[in-house]
Each structure stands twice: as C-alpha cells, then as structure tokens.
Amino acid sequence: MNQTSDVLAHDAKPADVFADGPRSAAPRLVSLKGVGKTFPNGVTALSDLNLEVRKGETLTLLGPSGCGKSTALRLIAGLTEPSAGAIDWANASARSNIGFVFQEPTLLPWATVFDNVYLPLRLAGHSRAEARGQIMEALSRVGLADFAKALPRELSGGMKMRCAIARAFITRPALVLMDEPFAALDEVTRFKLNDGLVALKAHLGATIVFVTHSIFESAFLSTRILVMSRAQGALVDEMEIDPAIARDDAFRLSETFSKITRRASHALHAAMGERS
Ligand code: ADP
C-alpha cells in the first residue's frame, strides 16, 4: 500500500473521513492468502494477493481493466484454482452458498421473470407455491413486481439485470459475487440499479464482493474499497466507509462522497501509472 501514500498524503486521514469509530470487527467470511494465478498461456493475472472478506460488508475491488479483479472473483467463487497461496473459508456452509451476478444477465430466454428467479429455489427442492411469496418480495425490491409474467425478451437491459440480481439473492446466499454487473448500462439505469442493490442488501443482509472500474459506483455502494494496480493485482489503497451512511441521492451529492471519489481517483491514477 506504499505506492499511493505520497499522492494521498494531502487528503484527510482515512479515519477522519471514511470510518466513524473502530474499524470493522465483523467476522471474516473468507480470506485470500498469498494468492497467485498464472494461466496455462503464461499470463500471470495475480501474484501474492492478500485480502479478507468480512461478514456483512460490501467490498469493492476497484482497478483498471486487466488488473485481475475478475480473476480474484472467480477464485473466490471456486470457478478456477489458485496457482499459489490459499483461499480460506471461515466455514464450509458459506462456501457452498454463493450467489453470482455477471455482466451478462444470462436469463433463461424461455422462462418468465418469475421462473428465472424461482430456478435456484427449484434446484434446492422448493415448490413454486411455497417460493411464491419470497420471489414476489424480491421482485418488488428490484422494481419488477409488475413483470413477473414477462419473458426476458420483453425486458430492457436494466430490467434483465434486476431479474438476475433478484435471482442471485433469492436463496439468501452468504456471499454474492458481482462482476461488473452494470458496466453495459447507461448512467441513469446504473444509478437506479445501484439503488435497487442497496435496497435488496438492506432487506436481505448479504455480504457482497463487487468488481468495478467505476469510481462513482464503488463510492456509492461500498463499505470498503480495495484499489488494485495493474501490477498483478497489488493493492494500492484501502478505504473503509461508514456502513451507517444512508446510500441515497443526498449521499451522492455529499462532501463525504466527493472525498471518497477523489481519493479513489488518486489511487487509481497512481495504480495506472505504474507501467509507465
Ligand atoms: P479485470 O477483471 O481486472 O479486467 P481479469 O482478471 O479479467 O482482469 O484479467 C487479468 C489478466 O489475466 C488479463 O491480462 C487477462 O487477459 C488475463 N486472463 C484472464 N483470464 C484468462 C484466461 N482464462 N486465460 C489467460 N489469460 C487470462
């Protein structure tokens, strides 16, 4: 975390701006310890990544394209194995209870919105009738209650993503991994989906690891931001943001928000300059 310390020196100390009171004492859900990933083609996406995901947080991995954010997420998901280091889960049940949201909503085209959200519950053995209330509640949190019977082709890009988010949260997973879910959406839709995600999380209380290269999105959603550099995922800054702050429109206009975005922007620029 040394590279950006000079750049950040003029900013207020993290504790002044970002966290009120002691640093999060929430229990650890999963840790990455000295994790490296080299692909068969010889590309090393990550080397010696150390991070901890704590229960209840929205942790954002913010970094330039190609810095290894998605690889880190795929490693946590167990979709790929580390070439070095270890991924350590606090308990086995958390590991087997993960939701995913990717950039593409990947809905079943022939199934209604309701049935797409029902799918993980169906796979877990729940009947449609017993799942109905829970599904309609989730759809209403993401603003899709009136579209339960619609097919994906009848939805806008933002609505498809709302459906994918409801589906990811429906089983109340211990951890939801989100890989640039809003990158393909326009700014206004993106803001709305950020609001929807905050509402859903407040209702269901999941832990989220969110990957983005958007400074504004990370500042709005996160209770902690880790800024990664191009240098194989080295961490160049960490910001903890008071979880008690309401994530609403007033927050987007607040001095705190602009302090967060300024600091994240400094860190990102420092991270991107490392190659030159
Ligand atoms: P980010 O999510 O930050 O954009 P990625 O984790 O997708 O970064 O990629 C990090 C690096 O690893 C990039 O150089 C990318 O080209 C490479 N990479 C990612 N996946 C693979 C793969 N399956 N095989 C080979 N190289 C890969």
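Residues numbered from 1 in each chain as written. Predicted model: local features only at pLDDT ≥ 70, side-chain atom pairs only at ≥ 80, totals over all residues. Heavy atoms only, no water.

**A word on the layout of surface pockets**
Alright, step 1. The volume enclosed by the second largest pocket comes to roughly 280 Å³.
Alright, step 2. Taken together, 15 residues form the lining of the second largest pocket, with G99, F100, P120, R167 and A168 sitting closest to its centre.
Alright, step 3. Elements with a contribution of two residues or more to the lining of the second largest pocket: β5 (98-101), α5 (113-123) and α7 (157-169).
Alright, step 4. Tallying contributions element by element places β5 first for the lining of the second largest pocket, with four residues.
Alright, step 5. Its residues placed into classes, the lining of the second largest pocket shows ten nonpolar, three polar and two charged. (1 Å grid on protein atoms, 1.4 Å probe; cavity = no way out; pocket = protein on both sides within 12 Å on 5 of 7 lines; lining within 4 Å. Points joined across faces, edges and corners; volume = space filled by probe spheres on them. Helix = DSSP H or I, 4+ residues; strand = E, 2+ residues; numbered from the N terminus. Nonpolar A, V, L, I, M, F, W, Y, C, P; charged D, E, K, R; others polar.)

**A look at the site of the ligand**
Alright, step 1. F39, N41, V43, A45, P64, S65, G66, C67, G68, K69, S70 and T71 make up every residue found near the ligand.
Alright, step 2. A distance of 3.1 Å separates an oxygen atom of the ligand from a polar atom in the backbone of C67.
Alright, step 3. Contacts to the ligand include T71, whose side-chain N or O atom sits 2.5 Å from an oxygen atom.
Alright, step 4. For the ligand, the protein covers 62% of the area, taking 560 Å² as the surface of the free molecule.
Alright, step 5. Here the shell around the ligand takes three residues from helix α3 (residues 69-77), the largest share from any one element.
Alright, step 6. The residue inventory of the shell around the ligand, partitioned by class, reads five nonpolar, six polar and one charged. (Near = heavy atom within 4 Å. Polar contact = N/O pair within 3.5 Å; in protein donor to acceptor, adjacent residues only side chain to side chain. Areas by Shrake-Rupley, 256 points an atom, 1.4 Å probe, with all protein chains shown as cover.)

**Some remarks on empty space enclosed by the protein**
Alright, step 1. By the definition in use, this model includes one cavity of 30 Å³ or more.
Alright, step 2. Approximately 40 Å³ is the volume attributed to the largest cavity.
Alright, step 3. What lines the largest cavity is V142, R162, I165, L193, G196 and L197.
Alright, step 4. Listing elements by their share of the lining of the largest cavity, those giving two or more residues are α7 and α8 (187-204).
Alright, step 5. The dominant element in the lining of the largest cavity, judged by the number of residues it contributes, is α8, at three residues.
Alright, step 6. Shared between two domains, the lining of the largest cavity takes at least three residues from each, and those domains are domain 1 (25-97 + 174-276) and domain 2 (105-172). (Domains from an automatic or database assignment.)

**As for the sheet that holds β5**
Alright, step 1. Judged by pairing direction, the sheet is mixed, and its six strands sit side by side in the order β5-β6-β7-β3-β8-β9 without closing on themselves. The strands lining the two open edges of the sheet, one partner per strand, are β5 and β9 (235-240). In this sheet, adjacent strand axes meet at a mean angle of 15° when their direction is disregarded.
Alright, step 2. Relative to β9, strand β8 (residues 224-228) is paired through five bridges, and the arrangement is antiparallel. Of the residues in β9, the one forming a bridge with L226 is E238.
Alright, step 3. Along the sheet, α3 makes contact with β3 (58-62), β5, β6 (175-179), β7 (207-212) and β8, crossing β6 at roughly 150°.
Alright, step 4. Strand contacts of α8: β3, β6 and β7, with the helix running at about 160° to β7, the strand carrying the most contacts. (Pairing = 2+ DSSP bridges. Axes fitted to C-alpha atoms, helices over the stretch in contact; angles between N-to-C directions. Contact = heavy atoms within 4.5 Å.)

**Focus: the pattern of salt bridges**
Alright, step 1. A full pass over the atoms with the stated rule returns eleven salt bridges.
Alright, step 2. The partner of D88 in a salt bridge is K33, and the shortest N-O contact between them spans 3.0 Å. Of the two residues, D88 sits in strand β4 (residues 84-89) while K33 sits in strand β1 (residues 28-38), which places them 55 residues apart along the sequence.
Alright, step 3. In this structure D88 comes out as partly exposed when scored by relative accessible area, which is 30%.
Alright, step 4. Linking D115 and R128 is a salt bridge whose minimum nitrogen-to-oxygen distance equals 2.5 Å. (Salt bridge = Lys/Arg side-chain N within 4 Å of Asp/Glu carboxyl O. Buried < 20%, exposed > 50% of the residue type's maximum accessible area, 1.4 Å probe, protein only.)

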